[in-house]
Every structure is written in structure tokens, then in C-alpha cells.
Amino acid sequence: MSKLYHKRRTLLCVLSIALLQTQLVFAQTRTITVQVDKPGAAIPKTLFGLFFEDINFGADGGLYPERIKNRSFEFPNPMMGWKQLERGEPKGQLYVYDQGSINDTANSHYLRIKTPAGNKGFGVVNEGFRGIGVEKGAEYSFSVRARKVDGSPTALRVEVEDGQRVIGETQVAGFTNVWKTYTASLRANDTAGKARLNLVLEGAGTVDIDLVSLYPKDTWQNRPNGLRSDLVKLLKEMKPGFLRFPGGCIVEGRTLDQRYQWKTTIGDLDERRLIINRWNTEFNWRQTPDYYQSFGLGYYEYFLLSEDIGAEPLPIMNCGMACQFNSSELAPLEDLDHYIQDAIDLIEFANAPVNTNWGRKRAAMGHPKPFNLKMIGIGNEQWGPQYVERYEVFAKALKQKYPNIELVTSAGPSPDGERFDFLWKKMRELNADLIDEHYYMAPKWFRDNATRYDNYPRTGPKVFAGEYAAQSVGIASPDNRNTWECAMSEAAFITGLERNSDVVKMSSYAPLFGHVDAWQWTPNMIWFDNLRSYGTPNYYVQKLFSVNRGTRQLPLMLDGSTKNGVQELYSSAMLDEGTGEVIVKVVNTSSVTKDVAITLNGGKSARPGRAFVLQSEDLKAENSLDQPMKVAPVERQLPVSSDFSYAFLPRSFTVLRIPIK
Ligand code: AHR
């Protein structure tokens, strides 16, 4: 026989063996073994929390539902958001004054409206936050500070106008020559997302106005000056363990002058001093020159919100450093007292009894009971030796006065590299409590890093994965989308946080909110317009992890090994001692169904369980205002025994809850 024949035969054999092996691999059933009778470390209640920053109109125009932009005429251009309204001759006049208001320190500007006799309608229009949202049948509280200057103005007519239609109106009247607050109720007779507000001064004369407000009556818990209920509901339903606030780079400011100073965010609304929002002109791709912080949602509202949604507050303080991506301005080390005092006073505002200075202020705002603050962050995303020096001064002062308050410190803006290594080394030497790591990376990075914490030291500082999000285009860009691939990759990564929750004590996705017409940064967990909101696939990933957190880790073997993320399966297991259920979470990032034989060692299933499946075969799938639940969890019955098999759908994240005896 020829040499060629032999060669062909050998090749054929090799090919058949290879084919057989491939088939064996495909046919091989994957296994998950959970050691139910050997619960490990307790899962921290804070493992899944929230990061709130006023970015993307997250506060004014978002969670803080005031409809009037620049309501106190305090923007550097006092008429930004306002324009003259005239309905024929003779016209009146508008003037902005900056002395003689109710509070000349924090809120000095106001508007003077002068109307001549015989006018057919003169006043001002406010454009709202990319329009004003009102709902048919809903009631809104209109209020204004006003005083009469001269003449006989009879009333200020208030109209909500959509296109050419007035869809709600009311009026206030009876002005005297002292500043007073006038209120009226307005009911909308139609729904509009982008209406505007007209203020028409009737009669002939001059009136000063300030602090103009149109506020929904339907707020969270129906509080006056309360928060937007649909958004708070989405947060509360996540059962978050903590709420970090107010950021983010907002904490730092582009310059120290523009840093977040909590004392100017509490008290009466006209005592809260407006400042520029540092995201105003941050990105050339989406400038928002009308973005300021009114602090209607200030520190008091923040503590209340944390309490309402059952989250531990985690305030972040400026540590004498402005944003290092901007000015990098530093407060000299010997001048840090003021910054440290701010932190001390905030702790007092949150926790001190009502007979103290700050406790009294909290009580006066309506909350005599302490907020029970347990942790505080020193600096946001700082780096370098200047940060370490400042942290040391803060830590010394705070630990001496409040040894039980945990301090959160920064690991810089990226998940590795020189800055990161330097900070971890230093913070370890300083025996820091919690180190805040940030990762905004490509989806693949999240899948590849599901084992990131497996080899972190078990002693020393704990990890706070304080800001993370998978970016669909892999870098900060306006093209990033909240796709299912991003969310699924985050889910794969989070199984690694859970398996290492003795080291990773806290984690939060960032940013939280984005207004669909006014954002600067993407992706974001929750998107909204002036009336509607929806959770992204990333929101549902976070929610599924958080509401199925469990109380103790359970040892888990995937295909007989403790390594996570093998052949596109990622998983974790925990016990919920409260409900007596084993929780198994599995992320299948592959494009095929994975049949997995699941064994619960040392535990018997008591009755059928439940499966919650979040899935889409389309990696680019997204939710939207019109299709808010395109990618959302589906609940299924789960017939189980101690050994059972489960088919994990392609590109899915599944949570199994199995009641055990
Ligand atoms: O989440 C957006 C920004 O990303 C935060 O403000 C900052 O801390 C990080 O750079």
C-alpha cells in the first residue's frame, strides 16, 4: 500500500478521535455541588447598595421633582430658564435685583415685574427641566415669595401651557409690600411631558417675585419638598444595604470653591446656597450649561431617603482636594481643620441628641431621632501621596473622637496600576477600614475578573467596590449603552463579589440616574424623563443579587473545582437563614443552554422552589421608556430534590431559591 494511503488513514483516525472528544465535551453534563451543611462567612447586609450623585440631572430635574428651573433667579445668568411673556401692547418690564430679598446671603436675587395699565398679559415663562411634566388629574402646589412694590397689581395668574393649550391654571393675589409666601393648588386637565409655566401679572403695577415653585403633591410619602415617588420606589424595591452620597466628583468640585459643602444644603430652602454642578461643562460631547445644584435635595433629605429605603447612609466628605481630573487644587495640610470640622459636624447632625447644636438643627427640620450614621468616606476618587497625607490627618482626628465610625478611603480611579498599588500599600500600612475601588471597564473585563478577589488577603482593609459599570464601548463615551451584554457580564463578576464577601463588604453600580434628555454620562442604572422611568438590565441584575443576598456563604464547586467562571459558567451559593432556603446563582454567558446537575450536599429540599431568570439571547438588548421590561426577571416554579438538573438558558442570569429541611 502506498505511503499516501497510510497518511490518509492516520489523518482520518486523528480526526475521528478529535470529533469524539468534542462530542464528549459537548455531552458532558456540568456539575454544581453546594455544601449546604457547612455555611461559611456571614454575608454583610451592606454587600449591595447604591451610589447617588447629582449627575445627568439626577437631583434637580430628577429625584428632586421641583418643576421650575432656576426658581430663585440665582444662576449666574439670573434669567436662564426664564423668558419674557408678552401678549400684545403695551408691554411691561422685567428687572433682576440682587439686594433686598428675604435672604441676601444665600439667595439675593429676585425678579421685578412691572406692568402698565391696559396691558393684555405680561409676565414670564419658565421652561422647566427640558420641559415641565404634569399628569392629567394630578395636583401640584404652586408657591411664590412675593411683595407689591407699587400700583394695583390684582393677581399673578399661573398657567401650565402645552403647545397652544393651557392645561392647568390657578392664581395668587393680595400682595402687600412685605415679602410673603403665596400658595395655590393647580390641577392638570391633561398629561404633558414638556409643558411650560406662565406667570402673568394682572392689573397695573409692580411686584417682586422669588422662590417660584411648582411641586407635585404626589411625592414619596406625600412629603412637601419630598422626592419623586416612582424613582424612590425603584430604589426601595432593590432593598439596598447602603446609600453613598453625594458622589462622585461632585464631592470634590472642579475647584475647592465649588466643592460640596453640606452645611449650605440644609435648613429653609432660601438658606441653601446654589452652586454650579461640576458636570455642567465637563464633557464637550454633551454640555449642559443650565446645570446647577439648588440643594432642594440636601443632606437632610438624603438622610431621610436612606432611612426610607432601609439603607445605611454613607456620606462622602471632601478631604481638602478638588477633582484631580480638573484643577487638582489642594487645601494646605495645616488648613484642614475646617474640612475635618465639617465631617465632625455632619456626624453630629446625623447622630447627636437634640440638646446639641447640630442635633437641634436636625430636630428642627423634623427628625429628632438620630439617623445612626456608622460610616463616612474621606475623599472621593483621590490618588497620590497628597491624598494619603490628608487622609492621615482626617483619620487621626475622626478615629479619636468616633472610634466606631468606619472610614472609607480611595484606591483611585482605576482597578489596577501604579496609583492603585500605591494606595493599597499605604492604606494597608495605615490599617484603613474600607478601600473604595472603581472600575469602568469593557464587559469582557468583568467576565475575566470574576476571580479578582479570590486571592485578596483575608486580613487588613476590606473592599468597597464603590463605583462600577461595564461600558459597552469599553471607554468613557456618549456611545455607551445599557446592553444586556454589559449587565450579564456584571452579573458574572458579582458572583465573585459574593463568593468573597468576607473581603468585599460593599458594592454599588454607578452612576444611578440619567435624564433621557439631559444626561452627560452613560451608562446609568435607571433612566427617566419628566414623567416616566425604567430600570435597565443592569438594574435588574443588581436587584436580583440584592433581594436574594442570603445571610451565609455556602461552599460551592463548579465541575468539582472551586474556580469560578469556567467555560462560561459563573456561580455562587448562599444560605438564607431567615427563610431556610439555599440560593444558587448561575450566570451562563455562552450562546447555548447549559445542563447542570446540581447536588445539595448535607441538605434536603423541603418543597418546590422558585427560579428567577433574567435572559436575552440578544446581547445588545436594552430596556427603554416604551419597553421598560424587555429584559426583566421572569419567575418560574422549580421542582427539586437534593439532586436535580437545571437547564440554564443561553446568556442568562438565574437565581434558584430552594427551600431545605
Ligand atoms: O460615576 C461618575 C464618575 O466617575 C464619578 O463622579 C467619579 O467618582 C468617577 O470618576
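Right above here is the structure, for reference.
Since this is a predicted model, take the numbers as computed values, not measurements.

(A) The arrangement of the sheet that holds strand β31 (residues 643–648) in detail. Taken in spatial order, the four strands line up as β25-β1-β28-β31 in an open sheet, and their pairing is mixed. Edge positions in the sheet fall to β25 (556–558) and β31, since each of these pairs with one other strand and no more. Pairs of neighbouring strands in the sheet enclose a mean axial angle of 20°, with direction left out of account. Pairing between strand β1 (residues 30–35) and β25: three bridges, direction antiparallel. Looking at β25, one finds that Ile32 is bridged to Leu558.

(B) Seen up close, the site of the ligand. Around the ligand, the surrounding shell consists of Phe51, Glu53, Gly248, Cys249, Trp279, Asn380, Glu381, Tyr440, Glu467, Pro511 and Trp521. Within the backbone of Cys249, a nitrogen or oxygen atom sits 2.8 Å from an oxygen atom of the ligand. Contact distances for the ligand include 3.0 Å between an oxygen atom and a side-chain N or O atom of Asn380. Coverage of the ligand by the protein chains reaches 95% of its 280 Å² of free accessible surface. Its residues assigned to classes, the shell around the ligand comprises six nonpolar, two polar and three charged.

(C) Representation of the side chain of Thr206 within the structure. Among the structural elements, Thr206 can be located in strand β11 (residues 192–216). Among the residues examined, Thr206 registers a relative accessible area of 2% and is labelled buried. Side-chain polar atoms of Thr206 contact the side chain of Asp150, separated by 2.7 Å.

Calculation criteria
Residues numbered from 1 in each chain as written. Predicted model: local features only at pLDDT ≥ 70, side-chain atom pairs only at ≥ 80, totals over all residues. Heavy atoms only, no water. Pairing = 2+ DSSP bridges. Helix = DSSP H or I, 4+ residues; strand = E, 2+ residues; numbered from the N terminus. Axes fitted to C-alpha atoms, helices over the stretch in contact; angles between N-to-C directions. Near = heavy atom within 4 Å. Polar contact = N/O pair within 3.5 Å; in protein donor to acceptor, adjacent residues only side chain to side chain. Areas by Shrake-Rupley, 256 points an atom, 1.4 Å probe, with all protein chains shown as cover. Nonpolar A, V, L, I, M, F, W, Y, C, P; charged D, E, K, R; others polar. Buried < 20%, exposed > 50% of the residue type's maximum accessible area, 1.4 Å probe, protein only.

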